[in-house]
Amino acid sequence: MSGTILGNTTLASFDAIVIGSGAGGSPVADVLTRFGKKVLVIEAGPNLFEGLDDPKGYTTRFSSDEVKLFSRGMIGHDEYVEPRTFRPDEASGERTKIGNVNGLARCVGGAAVHADLKMPRFEPTDFRLGTLLGDVPGAAFADWPVDYDMLEPFYGYSERTLGIQGQRGSDPNAGPMKDEYPMPPGPKMFVTTRIEEGAKKLGGVTVYPYPTAVSSRPYGGRPPCVDCGFCAGYGCPSNAKGSPAVSMLRRALLSNLCQMHTETKVVRLVANGAGSRIEAVECIGPKGERLTFRADMFVLAASPIEDARLLFLSGNLGNASGMVGRCLTFHCQTIAIGIFEERLHAHRGRTVTHGFTDFRGKPKDPNRPLGGIVEISGSSGALEESTFYTRILRTLSLQFDGTRFKRLMEQAPARERLVALVMQAEDAPQLTNRVDLDPAVKDLDGIPVARVTYKNHAFELGARDFYAPKLMSLLEKSGARFGFVAPADEISSSAHVMGTLRMGKDPKTSVCDATGRFHGIENLWTADGSLFPTSSGYNPTHTIVALATRVTGGMVFPGSPERALA
Amino acid sequence: MSRVSRRRFLEVLGAGSVVSSLPGSLAGCSDDDTEVVTAFFTGAERRAVNALANVVIPKEDGSPGGGDLGAAAYIERLLTAFDVDPPALFADGPYSGRAVAVDGTRPPNDFLRWRRIDRVTERAWRIRLYGSKNVEGGSLNEGLVQEVTGLRNLFKDGIGAAVRDAKAPIETLGPEALRDVFGGLDSELQQAFIDLVPQAAFGAPEYGGNPEGAGWKLVRFEGDTQPLGFSVFDEKTSTFHDRPDAPMAGPGPAVDPAPIDPETRKLLTAVVSFTGGKVFP
């Protein structure tokens, strides 16, 4: 293993360059190398998997360390040197905030490394909301050019390759699933037991084990999860998490056909004069040096905001439709927090072991409007907990009440007694919700940063208003003493970032076609959540992995992407 | 790689007595004195920081305060992070050695090493610690963002002034007088204390605070428990079982060691009222 370059360091020419090593980039590298292509992966962040390219094995450098990963943000986007900007709408001026705006993890493996890897599939109807919802004023719902049946084999492949635990048939609202999950569900967190009791009293809610890419048995050379409690926001010290990096990217690196440059940021795609073919990428390397790499094929998988940013930095590339950067979506998270008298120790466990999909709803059903999956979520470690109290105490009084702070830490309502029901409601895609380049703000290298313009639509705010009281009822029936719905964020704190390069059949209203290739650019594809025309009401990572695998299968076997699953 | 000897580690902590220790919490330390931990504060400033930390987490009879929980050592370690290479910012992993694996083996303490950082992270943290004007390339987006003061200047200037202006050594002041001194600090420095004292108290001890897990013991938090965790897998039966001392799937202790008291209840009621929530009957 060398410093910032992994894999076959002798490779000097490449068939394909993949920008990003996360949930999209890892399957791309894997599929391409499995079918004999020489691949260069370029990753802006550092590598915390020592030996990821070593056949003898690897060690993660992640740990259950709140200082490193929570307080000091080791793998986050830094708000000073790599800021983004935000405004709710154009009328608000050039920007209302400079700093951390929807930053995902910045490291080999991307956000899939630090997430708790919840991996539900989308539902069949999620792919057809343009047709099923019709015109929604102010929104731009559209059908996907692929459907659930086309993705089903890729979902199955992802489940087997990553090692996803779950129980087929346990979710009454799920789409058809050909094969059982490769592993059964792991142990249930105690908070789930209380919420299940409440669900039985409430009715209409079926709690089921959340499909998760966390081993519940020895799998793929990785041990079962020990439920250490440091899951969401932390990489896995014991490698029980089957993130695409450790399953797919590692396989690519061991193939001898892959080279990965880390701490290297792509700042421009170089196209031919007509803008119809990409010739090279220009980068800034680990020491700030300028680098250029060439290949025949190029795949964007740097996450939606950075993908769009790169295209704008490259001279508004691929934007004949005017759709690059548009229809950015998150999930409007409705977070109902319950605090019990009883100690629930929800800081132990995988953050989420169970959930329910009954609040996902159905299109145009007034009794069950479209919301999202609900995660029965645990609490946090002591440091993160402490920030909850310090914020409240500072809000209540200018003079900090240290005695009360100490009592709160000892009694631990936000750690020992808390459960959060988190609904991941679908955001309506809007043309005005977009990414572009900030006209003035730059990063440490003098590169214009991404600007996010975002305001929620009545569609998801209505879902929030509809389901929030039901979440509160569930908390009450589960035995909570205090219940409240966290105020909505102006800037979404969701790590589910989708859209900006939506796929579609019509080049006038989409950026990429059904294969993930850019309309009008013969050798550029996208293979991450940027492709999503709509956001659904489910965690997106599994669909990102499945779609990226399909896109890459189509690169290798045009017209027959399923051949990549062999 | 940098390693800290057990003796030097405790010297740097410089805190008061430690209430108790977790078994094996310093496992993996060697007796080689190979790391230099730079002093940033004068003795008087260090004592003042620990005393003012008691405003954030008060010292009480039989119960440690912020000073006892290593505030000055943690803050000093952070402020001098770039005096060592790799900088003392991010401890390595995956394990601390505080917990054993299910087969009884204890991994070494990887937290004793500092992780190498990339150029982007280095610039960011130099700005945070030294201030945007004192770092080459630190004044990004001038006129659009506020200048960053730098934690080193914030503490040196603020604590230095507090020590000079105090009528008596700050560490000799009673709780009321300490609160007055704290209230007279620059608001940014007050916020820095409110952010950093809990980090010292409840973060991994390798960062300089939470001596031998005293902060975790105070709040009954298990800290890092890998590789053991809370669900123990039995390969023979392919089942998991809870740890009897710290269940994950099962209920908590029959007797609550620190139930919610009336003041906490009032505070939670205020939060609920502010957010339009409910107190359920």
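Predicted, not measured: the structure shown is a model, and the values here were computed from it.

## A look at the overall build of chain A
For chain A, the helix and strand inventory stands at twelve helices and 23 strands. Compactness check: chain A gives a C-alpha radius of gyration of 22 Å against a globular reference of 24 Å for 566 residues, within 12% of the reference. Here the C-alpha coordinates of chain A stretch approximately 65 × 55 × 55 Å along the principal axes. Residues counted as buried form 68% of the 566 residues belonging to chain A. Within chain A, residue pairs in contact and separated by at least 24 positions form 74% of the contacts whose partners lie at least 6 positions apart. Here chain A displays about 17300 Å² of accessible surface, and carbon together with sulfur accounts for 51% of that area. On chain A, the mean spot of the 63 positive side-chain charges and the mean spot of the 62 negative ones are 2 Å from each other.

## What about the packing of helix α5 (residues 148-163) of chain A against helix α12 (residues 541-556) of chain A?
All names here are of chain A. One way to put it is that α5 packs onto α12 with a least axis distance of 8 Å and a crossing angle of 110°. Classified by the angle their axes make, α5 and α12 are roughly perpendicular. The element α5 and its partner α12 pack so that their crossing is right-handed. Facing Met150, Leu151, Phe154, Tyr155, Tyr157, Ser158, Glu159 and Leu162 of α5, the residues of α12 in contact are His542, Thr543, Val545, Ala546, Leu547, Thr549 and Arg550. Taken together, the residues of the contact of α5 with α12 sort by class into nine nonpolar, four polar and two charged.

## Some thoughts on the sheet that holds strand β13 (residues 297-300) of chain A
Residues and elements named next belong to chain A. If you walk across this open sheet you meet the six strands as β1-β9-β3-β2-β13-β23, and the pairing is mixed. Two strands close off the open sheet at either side, each with one partner strand: β1 (5-7) and β23 (524-526). With strand direction ignored, the average angle separating the axes of adjacent strands in the sheet is 20°. Of the strands in this sheet, β1, β3 (39-42) and β9 (258-261) are in contact with helix α7 (residues 244-254), which crosses β9 at around 115°.

## Some details on helix α10 (residues 402-411) of chain A
Of all ten residues that make up α10(A), nine are buried, and the element is covered over most of its length. For α10(A), the full list of buried residues reads A:Gly402, A:Arg404, A:Phe405, A:Lys406, A:Arg407, A:Leu408, A:Met409, A:Glu410 and A:Gln411. Elements that come into contact with the buried residues of α10(A) comprise α9 (382-396) of chain A together with α2 (43-56), α7 (187-202), α8 (214-219) and α9 (262-274) of chain B. In this structure A:Asp401 caps α10(A), since a side-chain oxygen of it lies 3.3 Å from the backbone nitrogen of A:Thr403. Remark: A:Ala412 follows α10(A) within two positions and exhibits a positive phi of approximately 55°.

## Looking at the pairing of strand β18 (residues 418-426) of chain A
All names here are of chain A. Counted residue by residue, β18 has nine buried out of nine residues, so it is predominantly covered. Both faces of β18 are covered, namely the face carrying Leu418, Ala420, Val422, Gln424 and Glu426 and the face carrying Val419, Leu421, Met423 and Ala425. Judged from the six bridges that link them, strand β17 (residues 372-377) and β18 form a sheet pairing that is antiparallel. By the bridge assignment, isoleucine 373 is partnered in β18 with glutamine 424.

## With respect to the interface of chain A and chain B
On the chain B side, the residues contacting the 98 residues of chain A number 93 residues. Taken together, the links from chain A to chain B amount to twelve salt bridges. The partner of A:Arg106 in a salt bridge is B:Asp118, and the shortest N-O contact between them spans 2.9 Å. On inspection of chain A and its partner chain B, the count reaches 41 residue pairs in polar contact (both at pLDDT 80 or more). Sorting the residues of the side of chain A that touches chain B by element identifies β5 (59-60), α2 (66-71), α6 (190-202), α9, α10, β19 (434-442), α11 (458-478) and β21 (482-485) of chain A as the ones contributing at least two each. Here the element with the most residues in the side of chain A that touches chain B is α10(A); it accounts for ten residues. A class-by-class count of the residues in the side of chain A that touches chain B yields 43 nonpolar, 23 polar and 32 charged.

Reading the values: rules and limits
- Residues numbered from 1 in each chain as written.
- Chains lettered and ligands numbered in written order.
- Predicted model: local features only at pLDDT ≥ 70, side-chain atom pairs only at ≥ 80, totals over all residues.
- Heavy atoms only, no water.
- Helix = DSSP H or I, 4+ residues; strand = E, 2+ residues; numbered from the N terminus.
- Rg over C-alpha atoms; globule rule 2.2 N^0.38 Å.
- Buried < 20%, exposed > 50% of the residue type's maximum accessible area, 1.4 Å probe, protein only.
- Contact = heavy atoms within 4.5 Å.
- Areas by Shrake-Rupley, 256 points an atom, 1.4 Å probe, with all protein chains shown as cover.
- Lys, Arg positive; Asp, Glu negative; His and termini not counted.
- Charge placed at Lys NZ, Arg CZ, Asp CG, Glu CD.
- Axes fitted to C-alpha atoms, helices over the stretch in contact; angles between N-to-C directions.
- Parallel < 35°, antiparallel > 145°, perpendicular 65-115°, else oblique.
- Left-handed = near helix turned anticlockwise from the far one by under 90°.
- Nonpolar A, V, L, I, M, F, W, Y, C, P; charged D, E, K, R; others polar.
- Pairing = 2+ DSSP bridges.
- Polar contact = N/O pair within 3.5 Å; in protein donor to acceptor, adjacent residues only side chain to side chain.
- Salt bridge = Lys/Arg side-chain N within 4 Å of Asp/Glu carboxyl O.

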